[in-house]
Amino acid sequence: MSTLPRRLAASFLFVFASWAAAEPAPRLDARGDPLPPGAFARLGTTRFRDGGFIASAALSPDGKLFAIAGQRDHLRLLDAVTGKEVRQIKVTNAGVSFLTFSPDGKRLALADHRNQVQLYDVASGAPAGQFTGGPQARLSAFVFSADGRVAAAGPEGFGQKMPIPVWEVATGKQLAALDGLHNYNVRLALSPDGKVLASGGTFMPRTNEDRDKQAEYSQTVQLWDVTTGKELRRLRNEQPGHTGAAFTPDGKALVVCTAASTFVVWDVATGKELRRFAGRRNVGATMQFSPDGKTLAASSPDGVVQAWDFATGRRRGLFEGPRGRLGRVGFTSDGRILAYGSNGVALQVWDVLAEKRLTPEGGHEAGVTGLAFAADGRGLVSVAADGVVLTWDAAGKETRRLALRDDEMLRYGFASGRSGHATLSPDGRFVLSADPMQGGLRLFELAKGRELCTFGGSIMAYTPGGASSAFSPDARLLLTAGTDPRAAGRTSMVRVYDVETGQEVRALPGPPAQSVNVAFAPDGKTFAAASNTFQGSVAAETRVWDAATGKELWQGSRPQTQAQGLAFTPDGKVLATRDTGGAVVLHDALTGLELRQVAVPAGNLGAAALVFAPDGRTFAAATTKDNLRGVVGVWEVATGTLRHEFAGHAGLVSTAAFSPDGTTLATGGSDTTVLLWDLTGRAGAHGPPRGKPAAEELDALWATLEAGEAAKAFPAMRRLLEAPAEAVALLAKHVRPAGGKDNDPAAIARLIAALDDDAFDAREKATRELEKVGKAAAEALRKALADRPSAEMKQRLTVLLEKLRPGETAPDLVRALRAVEVLEHLGTPEARQALGALAKGQAEAPLTLAAAGALGRLEKAPRR
């Protein structure tokens, strides 16, 4: 066995041992919550949030805990004051219809879409029973009696009448199956002692005979004897539909709210109407009495809460909360009235009588869908699905909040909190937001937050896992993808608009497909679209056009997979496509020639962000792991291996962006937060500084930089960044400028021109000579192909580039390119000097080009 593998193995052990020895203490965000490993800042908060969709939320009877249920296999209990997670309860999630506490607050009842109601112990999280034998339907209501002995559920029959089950809580035994009149939107109330059940709702006719009963049944509330299952009486009201009901704490009266928001009070014993009063429109979806029975509070889905002194009927308060956010009402042990609800991702809580928001301000309250760094890297703009745009400074402080003026979007489009589509222009002047009502895209001017125009309804306004629009680098043009409403089938359509005028510049029809991703090349000369075709079998298709003429340059297809992402490298030479087959494919952007495939786990359709670092040597791609939690991996292009993985979002990762200097990766997710990840180790996110490396460690670090797997070399790169002087000396010693005789650019140009010579022999000779030149001619060949040559010349250029297709990068070149990356991230005068020496190497050599590119980026960046 040679000594080199042993030396490399020893080096790896040495580096990893020194890395592991510096176990970092948990870093905290601005609110004092732990940051995930590798992150140095969280913009926004995880408090009163859920990473996925909040299907239901419930407030404990004493007002101290919130329970929230989402799409995962656990319930979360939050402190009602701070929003911090208290504990989790493991559940079997089959879709949550609702969640509610028992009256004593000791149990949680969860009803799912499989017609099951599960009970859990709040203190321990252990299962505490279940109710079975109910209707095979989703439940629209579930109630406990005030003494906690009896529970009942209302079936959502959607026109089919189903029995109302009543259970004994202690045993789970079904006490009755009541034959109610209503078959839709059934609402229930149990008397405090659990002996009387009130049921109401709506009746949807299925036959002509049923239509005669529609008004009568919808105007009727039934009272039942729970013990015998017999109907006691019917309470008839002239207004149809019932949205909510509640017994008074003494059980003597029943309050029912009609669909017209009229509150009717009946005497339970006699069925006599006692009085009625009017509420705000839609108020009454939930009703609750205060523990002392003196106050009645009712809420509406549109954020309004009303409260009355029940004895006198006088209004105690009228609260108008955020539209589409609040839908529930509860009381605390000290008698405060709390209004609460969510937009599907974040909870908001208000003190009704004080009209005071209790949940903290700041950060996003919907999934983050777009990110853009300032040109100098000292600030960040983020946009969320609810149309809120935030600006952050270099310290992570929120400096500006702008709510786009779009009432329809705020009211209807994002009530669920699911991430919608948003695109920020490169210069930060514009943002595109989905139009949920018309299916198009709305262009907003960020300086004033006003809408400028809306781009047609054929645009795919919401595209899971991809961007259906892109700005040109100068923000003068807008690229959109969608379907052509004038064509049969799902024919794709790519359109180009002038941003200043809103005028359509070009419309490019595609195949019968669903266009999901579009991107402009950084130089603005080409653009690309990725589509999913469904002709016979599914396939991911990529097309690239010349931006000036609209001429299609090339197209390619990958069968049995679907497109998930599309991105150009910063120099525009490579186009990366991502698909559900678990690969990122790198193509020559001008020819379509496949350069490399990188194995990347398939991302969730809503979590497939793909973005290149400024130097183009790495890219970040979002994937998902356990329980729909987003993970972002950084892959090295030269080796095609994973360099590092960042995990910390509580939900899917929908967008990502590198800082201009490539030292920071920002990710935004459905959990409403932005996380800033340290790619260098110098921000302290990976442990405290370890001092200067000794000579032995420096030798080990140099050896480790040659590792074939990027994950082994990455810690060594970070360690070198901790010691600038020693790192520059080490790398300048070992990395030399690329040698060899320069090829004359003029001679290469003459040979390329000869490829179109009238004489066959001249064309053949030029082809042979260019093959000898090799990679040094690659850039000139690419440029010639981009100049729309003749068919003969195009064929010869394509063949030559095919022969120059890069294979595996040599280990010594991989190490040299990593060294250039370290020098660029150091950015010291000494590091710049070392890069300058490397940039003087053989023209067109990969190392020379890498060093020159690093110097160019450093010249644009602030001096360190």
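In the block above lies the structure referred to throughout.
How each quantity is defined
- Residues numbered from 1 in each chain as written.
- Predicted model: local features only at pLDDT ≥ 70, side-chain atom pairs only at ≥ 80, totals over all residues.
- Heavy atoms only, no water.
- Helix = DSSP H or I, 4+ residues; strand = E, 2+ residues; numbered from the N terminus.
- Buried < 20%, exposed > 50% of the residue type's maximum accessible area, 1.4 Å probe, protein only.
- Contact = heavy atoms within 4.5 Å.
- Areas by Shrake-Rupley, 256 points an atom, 1.4 Å probe, with all protein chains shown as cover.
- Pairing = 2+ DSSP bridges.
- Axes fitted to C-alpha atoms, helices over the stretch in contact; angles between N-to-C directions.
- 1 Å grid on protein atoms, 1.4 Å probe; cavity = no way out; pocket = protein on both sides within 12 Å on 5 of 7 lines; lining within 4 Å.
- Points joined across faces, edges and corners; volume = space filled by probe spheres on them.
- Nonpolar A, V, L, I, M, F, W, Y, C, P; charged D, E, K, R; others polar.
- Core = buried A, V, L, I, M, F, W, Y, C linked by side-chain atoms within 4.5 Å.

(A) Here's a closer look at the overall build of the chain. The helix and strand tally for the chain stands at 13 helices and 55 strands. When burial is assessed residue by residue, the chain has 55% of its 864 residues classed as buried. Taking the intrachain contacts of the chain between residues at least 6 apart in sequence as the baseline, contacts between residues at least 24 apart amount to 47%. Accessible surface computed for the chain: about 36,000 Å², of which carbon and sulfur atoms make up 51%.

(B) Summary view of unusual backbone geometry. A positive phi is found at S261, a non-glycine position, where the angle reads about 60°. Structurally, the position occupied by S261 is in the loop between β19 (253-258) and β20 (262-267). By relative accessible area, which is 2% here, S261 ends up buried. A positive phi angle, near 50°, is found at E355, a position not held by glycine. Its place among the elements puts E355 in the loop between β28 (347-351) and β29 (356-357). According to the relative accessible area criterion, E355 is partly exposed, its value standing at 49%.

(C) A look at the sheet that holds strand β10 (residues 139-144). Spatially, four strands are ordered β10-β11-β12-β13 in an open sheet, and the strand pairing comes out antiparallel. Looking at the sheet topology across the chains shown, the edges are occupied by β10 and β13 (174-178). With strand direction ignored, the average angle separating the axes of adjacent strands in the sheet is 15°. Bridge count for β10 against strand β11 (residues 150-155) is five bridges, and the pairing is antiparallel. Residue pairing in the sheet places V143 in a bridge with A152 of β11.

(D) Molecular detail of the sheet that holds strand β27 (residues 337-342). The sheet built from four strands is open, its strands ordered β26-β27-β28-β29 with antiparallel pairing. In this open sheet, the two strands that pair with only one neighbour each are β26 (328-331) and β29. Where β27 and β28 come together, five bridges link them in antiparallel fashion. Paired with L338 across the two strands is D351, which belongs to β28.

(E) Structural detail: the side chain of T577. With respect to the secondary-structure elements, T577 resides in strand β46 (residues 574-579). The exposure class of T577 is buried, given its relative accessible area of 6%. In contact with T577, other than residues within four places in its own chain, are T542, G565, L566, A583, V584, V585 and H587.

(F) Molecular detail of empty space enclosed by the protein. Evaluation of the coordinates by the stated rule reveals seven cavities of 30 Å³ or more. Here the largest cavity is characterised by a volume of approximately 110 Å³. Around the largest cavity sit 16 residues that line it, and T618, G662, L679, E821 and H825 are the ones nearest its centre. Of all the secondary structure elements, the ones that give two or more residues to the lining of the largest cavity are β52 (641-647) and α11 (811-826). Classifying every residue of the lining of the largest cavity by side-chain character gives seven nonpolar, four polar and five charged.

(G) Broad picture of the nonpolar core. L720, L731, L823 and L835 are the most contacted members of the largest nonpolar core, which has 30 residues in total. Where this core is concerned, the elements lending two or more residues are α4 (695-704), α5 (710-721), α6 (724-734), α11, α12 (829-838) and α13 (846-860). Top element by residues in this core is α11. It accounts for seven residues. If you look at the next biggest cluster of nonpolar residues, it comprises 17 residues, including A39, V611, V653 and L675.

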